[in-house]
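Per-entry structural report
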Amino acid sequence: MSGAIVIGASGSWARAMLKISPYTFSAIGIAVAIGVSVLGAAWGIYITGSSLIGAAIKAPRITSKNLISVIFCEAVAIYGVIVAIILQTKLESVPSLQIYAPESLRAGYAIFASGLIVGFANLVCGLCVGIIGSSCALSDAQNSTLFVKILVIEIFGSALGLFGVIVGIIMSAQATWPSKV
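Here goes a summary of the coordinates provided.

**Looking at a nonpolar patch on the surface**
- A cluster of nonpolar side chains, contributed by Val124, Leu160, Phe163, Ile166 and Ile170, occupies part of the molecular surface with about 480 Å² of accessible area.
- The leading source of residues in the nonpolar patch is helix H6 (residues 147-172), at 4 residues.
- Its location among the elements puts Ile166 in helix H6.

**Digging into the side chain of Ser114**
- Here Ser114 lies in helix H5 (residues 102-142).
- When its relative accessible area of 0% is taken as the criterion, Ser114 is described as buried.
- Excluding residues that lie within four positions of it along the chain, Ser114 makes contacts with Leu87, Gly168, Ile169, Met171 and Ser172.

**Here we look at helix H2 (residues 22-58)**
- Between the first and last C-alpha of H2 there are 55 Å, a value that for 37 residues agrees with the 54 Å anticipated at 1.5 Å per step.
- The opening residue of H2 is Ser21, an N-cap whose side-chain oxygen sits 3.1 Å from the backbone nitrogen of Tyr23.

**A few points about the side chain of Ser69**
- Its place among the elements puts Ser69 in helix H4 (residues 67-89).
- By relative accessible area, which is 0% here, Ser69 ends up buried.
- Discounting residues that sit within four places of it in the chain, Ser69 has contacts with Thr48, Val129, Gly133 and Glu154.

**Some details on the environment of Val38**
- By secondary structure assignment, the location of Val38 is in helix H2.
- Val38 gets classed as partly exposed once you look at its relative accessible area, which sits at 40%.
- Sequence-wise, Val38 and Gly54 are 16 residues apart; in three dimensions their C-alpha atoms are separated by 24 Å.

**Points about H4**
- Taking 1.5 Å per residue as the helical rise, H4 with its 23 residues ought to reach 33 Å, and the 34 Å between its terminal C-alpha atoms agrees with that figure.
- Of the residues making up H4, those classed as buried are Ser69, Phe72, Cys73, Ala75, Val76, Ala77, Tyr79, Gly80, Val83, Ala84 and Leu87.
- Those residues of H4 hidden inside the fold are in contact with H2, H5 and H6.

**Points about the packing of aromatic side chains**
- Scanning all chains against the criterion turns up 3 aromatic pairs.
- With a centroid separation of 4.9 Å and an interplanar angle of 5°, the aromatic rings of Tyr23 and Trp177 are classed as stacked. Note that Tyr23 is positioned in helix H2 and Trp177 in the segment after H6, a separation of 154 residues in sequence.
- For the ring pair Phe25 and Tyr109, a centre distance of 5.0 Å and an interplane angle of 75° mean the geometry is edge-to-face. Taken together, the positions of Phe25 in helix H2 and Tyr109 in helix H5 put the pair 84 residues apart, joining distant regions of the chain.
- Using a relative accessible area of 6% as the deciding quantity, one classes Phe25 as buried.
- Owing to a relative accessible area of 30%, Tyr109 belongs among the partly exposed residues under this scheme.

**Comments concerning the nonpolar core**
- By size, the foremost hydrophobic cluster in this structure holds 15 residues, and its most contacted members are Ile30, Val83, Leu87, Ile111, Ala175 and Trp177.
- Every element with two or more residues in this core is listed here: H2, H4 and H5.
- Filtering out sequence-adjacent residues up to four positions away, Ile111 remains in contact with Ser26, Gly29, Ile30, Leu87, Lys90, Leu91, Ala175 and Trp177.
- Ranked by size, the runner-up nonpolar core spans 12 residues in total, among them Ala41, Cys73, Cys125 and Cys136.

**Points about the packing of H4 against H5**
- Where H4 meets H5, the axes come as close as 9 Å, and the angle between the chain directions of the two elements is 175°. In terms of orientation, H4 lies roughly antiparallel with respect to H5. Two secondary-structure elements touch here, H4 through Ser69, Phe72, Cys73, Val76, Tyr79, Gly80, Val83 and Leu87 and H5 through Ile111, Ser114, Gly115, Val118, Asn122, Cys125, Gly126, Val129, Gly130 and Gly133.
- For the contact of H4 with H5, the class distribution of residues is 10 nonpolar, 8 polar and no charged.

What counts, and where the lines are drawn
- Residues numbered from 1 in each chain as written.
- Predicted model: local features only at pLDDT ≥ 70, side-chain atom pairs only at ≥ 80, totals over all residues.
- Heavy atoms only, no water.
- Patch = residues over 30% accessible without salt bridge, like charges linked within 9 Å, V, L, I, M, F, W, Y side chains within 5 Å.
- Areas by Shrake-Rupley, 256 points an atom, 1.4 Å probe, with all protein chains shown as cover.
- Salt bridge = Lys/Arg side-chain N within 4 Å of Asp/Glu carboxyl O.
- Helix = DSSP H or I, 4+ residues; strand = E, 2+ residues; numbered from the N terminus.
- Buried < 20%, exposed > 50% of the residue type's maximum accessible area, 1.4 Å probe, protein only.
- Contact = heavy atoms within 4.5 Å.
- Expected span 1.5 Å × (residues − 1).
- Polar contact = N/O pair within 3.5 Å; in protein donor to acceptor, adjacent residues only side chain to side chain.
- Phe/Tyr/Trp six-rings, centres within 6.5 Å; stacked < 30°, edge-to-face > 60°.
- Core = buried A, V, L, I, M, F, W, Y, C linked by side-chain atoms within 4.5 Å.
- Axes fitted to C-alpha atoms, helices over the stretch in contact; angles between N-to-C directions.
- Parallel < 35°, antiparallel > 145°, perpendicular 65-115°, else oblique.
- Nonpolar A, V, L, I, M, F, W, Y, C, P; charged D, E, K, R; others polar.

Here you go:
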């Protein structure tokens, strides 16, 4: 063996990944779903809120109707919480002899992948909604006829988070743990 990596070798990453409990992968996936979704919501609120406050100096009338952008950002965090609850209900106990069974590994990886997909989709969605909400506040301060036009674009940006939730739910359907014997 001249420098080739063998999958079953004791120092390989593949072997290390197989020795990590599927419950650990599941827990990390659930934590990423909620944590990164909240990060995306907070980042979007920061972007939108700072522009909203700045633009409200010129046109105080925009503060109440542009709060919808902050609400859209907050919905991103709620998506993460909902998926985390769904993923938590997918966890089942298995006997210690079956914890590393292929079905257990697949269930753990499915919940992990679902959490990653939802978390990062909502991170991008929060940024998207925050940037569009910022431009909506600034444009509305200049010309009030632009509000509804930009709000429609913001709704389409918010749909990105829903797409992530749908894909995450589909992915989590693969999480079936071995039956107890």
